[in-house]
Amino acid sequence: MSNISSTTTLQQNNSLITSQIDDELLILDSRTGEYFKIDSVGLSIWKLLTEPTEVQQLLDQLVEDFEVEEEQCKADTLPFIEMLVEKEYLLTV
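Visitor: How should the nonpolar core be read in this particular structure?
Guide: In globular proteins that are soluble, nonpolar side chains generally tend to be buried together. By size, the foremost hydrophobic cluster in this structure holds 23 residues, and its most contacted members are Leu10, Ile27, Trp46, Ile81 and Leu90. The set of elements that each furnish at least two residues to this core consists of strand S3 (24–29), strand S4 (34–38), helix H1 (40–48), helix H2 (55–66) and helix H3 (70–86). When residues of this core are assigned to their parent elements, the largest contribution, six residues, is made by H3. Setting aside anything within four residues of it in sequence, one finds Leu90 in contact with Leu10, Gln11, Gln12, Asn13, Trp46, Leu49, Ile81, Leu84 and Val85.

If you want it as structure tokens, here you go:
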């Protein structure tokens with residue numbers, strides 16, 4: 001499991017091939033040939049990470065956008081971004 005904290009800075013891995021279809025994102029990892037589909041909430045997170053962004057900034061924006069409590073947002077978001085980091089779809093910078 002990744003060691004992601006509120007001060008970790010993340011950014012999209014720009015070497016991936018992505019395509020937005022309606023409110024979902026399809027990611028192709030050309031290294032593995034693996035396809036990965038992200039839903040609309042995941043797409044919102046993905047779009048917020050086009051530039052290097054600290055996890056806390058990401059959480060603050062999601063709390064505002066989705067009108068959710070910070071602890072719930074953190075509980076829902078951290079496992080998702082940790083999985084994307086493990087897959088190297090997000091990079092720590």
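Here the narrative resumes.
Visitor: Please explain the pattern of salt bridges as it appears in this structure.
Guide: Opposite charge on two side chains makes pairing possible when the charged atoms of those side chains draw close. Taken as a whole and assessed by the stated rule, the structure comprises four salt bridges. For Asp29, the salt bridge goes to Arg31, with nearest N and O atoms at 2.7 Å. Given a relative accessible area of 3%, Asp29 falls into the buried group. Measuring nitrogen to oxygen at the nearest pair gives 2.6 Å for the salt bridge that ties Glu88 to Arg31. Note that Glu88 is positioned in the loop between H3 and strand S6 (90–92) and Arg31 in the loop between S3 and S4, a separation of 57 residues in sequence. What makes Glu88 partly exposed here is its relative accessible area of 40%.

What counts and how
- Residues numbered from 1 in each chain as written.
- Predicted model: local features only at pLDDT ≥ 70, side-chain atom pairs only at ≥ 80, totals over all residues.
- Heavy atoms only, no water.
- Core = buried A, V, L, I, M, F, W, Y, C linked by side-chain atoms within 4.5 Å.
- Buried < 20%, exposed > 50% of the residue type's maximum accessible area, 1.4 Å probe, protein only.
- Helix = DSSP H or I, 4+ residues; strand = E, 2+ residues; numbered from the N terminus.
- Contact = heavy atoms within 4.5 Å.
- Salt bridge = Lys/Arg side-chain N within 4 Å of Asp/Glu carboxyl O.

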